[in-house]
Amino acid sequence: MKTAKFIKLERRVGHIASRQACRQLMQVPWERFNKAYEEYIRWQAFALWARAVVELEGSAPSWLEAILRKRCRGFAEETARSRKPELLGLALLSWVHNRAFEFAKEEGWLDALVFYGFRDARSQGYWAYWEHCENEWKKRRPASVPAFAHWRRSALSWKLHGDVDCAVVAKAVEKFIDFEGVVFWLCPLIQTAKVQLPAHIALELGQECPGLLEFVGEEISASYEDKSSSWRRMFNWGKDHVLSHAKKEGWLDFVLPQVSIHPRHVRIVDYTALWCQSRLENSPLRYPSLRQWQRDAENYIIVSRK
């Protein structure tokens, strides 16, 4: 059992790692980071599949070595010299960090890539499915070793929480972050004493999320309550409508933490603080479109931060 002192230290270390990952994330344009992020998650799947194969066979079979030589230049030669081939899977993940994403390491944002990539719902599914294969294959050897593409599809269908696939969770996370983007875009207007959406903003909101436009018009604009309460009510509306299936099926409490550690969510939150401050000096008539706001948020970077 963990002691209270150890738990406190563990949380502190996690908080430091989270701050460092956020700092690195904000130093890279979103398009560049996201491309590497998606590739990193796939590489995790490949490394775990290779590890499962090696642990099943006791060493890397010739057909796997051929795949490694083609896909991971220089790695197969290093493995051939190793006295412990059963550690191939762990060594491969190290190769991924140092070679496949050498550019991210040199540019100073590899830690962010690993931090967020490892916590993605799909990565969690890959690791959970790998553990399942390790246990089941020890009990009964499969008739044939699944190819990587087949293994990865099976992993994406693996149940993470109750009876929901990790791929379904990942899609729900993306969908809610899209909704968050709309709310954060409206943030400066919602903070005014009386909400009055400019005509062009109301028109675009009606096209993007008509239900939210109706909610703002009926429940938020006419209200003089504390604006933090209005903010919470908008997000609660999103939980009820955007994540209605998750709420109905009982896995909403699993999706929301995944949202909070997704790099796109982290970037949006960080950018919104600057966005709200800058809007105080601008006329509502010059309020940018949602598409422009999204481009600004994606291109926003911080060169250095203490």
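The notes below deal with the structure included here. (Residues numbered from 1 in each chain as written. Predicted model: local features only at pLDDT ≥ 70, side-chain atom pairs only at ≥ 80, totals over all residues. Heavy atoms only, no water.)

### Side note on the packing of aromatic side chains
Reasoning step 1: Counted by the stated rule, this structure contains 28 aromatic pairs.
Reasoning step 2: Ring centres 5.8 Å apart and planes at 65 degrees place the aromatic pair phenylalanine 118 and tryptophan 127 in the edge-to-face group.
Reasoning step 3: Members of the aromatic cluster, connected to one another through ring pairs, are Trp30, Phe33, Tyr37, Tyr40, Phe101, Phe103 and Trp109.
Reasoning step 4: The ring centre of tryptophan 43 lies 4.8 Å from the NZ or CZ of arginine 71, which sits over that ring.
Reasoning step 5: The ring of phenylalanine 115 is capped by arginine 119, whose NZ or CZ atom sits 3.7 Å from the centre of that ring. (Phe/Tyr/Trp six-rings, centres within 6.5 Å; stacked < 30°, edge-to-face > 60°. Lys NZ or Arg CZ within 6 Å of the ring centre and 35° of its normal.)

### Some points on the side chain of arginine 267
Reasoning step 1: Examined against the element boundaries, arginine 267 turns out to sit in helix H16 (residues 263–279).
Reasoning step 2: Summary of buried charges: arginine 267 has no salt-bridge partner, and the nearest side chain of opposite charge, glutamate 298, is 8.0 Å away.
Reasoning step 3: At 2.4 Å, the side chain of arginine 267 and the backbone oxygen of tyrosine 300 are in polar contact.
Reasoning step 4: If we skip the residues at most four places from it in the chain, arginine 267 touches Leu25, Met26, Val28, Pro29, Trp30, Ala297, Glu298, Asn299, Tyr300 and Ile301. (Helix = DSSP H or I, 4+ residues; strand = E, 2+ residues; numbered from the N terminus. Buried < 20%, exposed > 50% of the residue type's maximum accessible area, 1.4 Å probe, protein only. Lys, Arg positive; Asp, Glu negative; His and termini not counted. Salt bridge = Lys/Arg side-chain N within 4 Å of Asp/Glu carboxyl O. Polar contact = N/O pair within 3.5 Å; in protein donor to acceptor, adjacent residues only side chain to side chain. Contact = heavy atoms within 4.5 Å.)

### Side note on the nonpolar core
Reasoning step 1: Of all hydrophobic cores here, the largest spans 97 residues; its most connected members are Phe33, Leu113, Tyr116, Trp151, Trp185, Leu186 and Leu212.
Reasoning step 2: The element best represented in this core is helix H2 (residues 30–57), accounting for 17 residues.
Reasoning step 3: If we skip the residues at most four places from it in the chain, leucine 113 touches Phe33, Ala36, Tyr37, Tyr40, Phe101, Ala104 and Phe118. (Core = buried A, V, L, I, M, F, W, Y, C linked by side-chain atoms within 4.5 Å.)

### Some remarks on the pattern of salt bridges
Reasoning step 1: According to the stated counting rule, one finds eleven salt bridges in the structure shown.
Reasoning step 2: Aspartate 120 is the partner of arginine 122 in a salt bridge, and the nearest nitrogen-oxygen pair spans 2.8 Å. Here arginine 122 and aspartate 120 have matching classes, each one buried.
Reasoning step 3: Note that lysine 139 and glutamate 136 form a salt bridge whose closest N and O atoms lie 3.8 Å from each other. Taken together, the residues span about one helical turn, with lysine 139 and glutamate 136 both in helix H8 (residues 121–139) at a distance of three residues.
Reasoning step 4: Connected via shared salt-bridge partners are Glu38, Asp120 and Arg122.

### Quick word on the packing of H2 against helix H5 (residues 88–100)
Reasoning step 1: Contact pair H2 / H5: the axes reach a minimum separation of 8 Å and the direction vectors enclose 155 degrees. Taken together, H2 and H5 sit at an angle that is classed as roughly antiparallel. Our pair here, H2 against H5, has a crossing hand that is right-handed. Contacts between H2 and H5 involve Tyr40, Trp43, Gln44, Phe46, Ala47, Ala50, Arg51 and Val54 from the former and Leu88, Gly89, Leu90, Leu92, Leu93, Trp95, Val96, His97 and Ala100 from the latter.
Reasoning step 2: By residue class, the composition of the contact of H2 with H5 is 13 nonpolar, three polar and one charged. (Axes fitted to C-alpha atoms, helices over the stretch in contact; angles between N-to-C directions. Parallel < 35°, antiparallel > 145°, perpendicular 65-115°, else oblique. Left-handed = near helix turned anticlockwise from the far one by under 90°. Nonpolar A, V, L, I, M, F, W, Y, C, P; charged D, E, K, R; others polar.)

### Structural notes on the environment of leucine 186
Reasoning step 1: Take leucine 186: it is sitting in helix H10 (residues 166–190).
Reasoning step 2: You can call leucine 186 buried: its relative accessible area is 0%.
Reasoning step 3: Distance in space between the C-alpha atoms of leucine 186 and leucine 290 is 9.0 Å, their sequence separation being 104 residues.
Reasoning step 4: In contact with leucine 186, not counting residues within four places along its chain, are Leu197, Ile201, Leu205, Leu212, Met234 and Tyr287.

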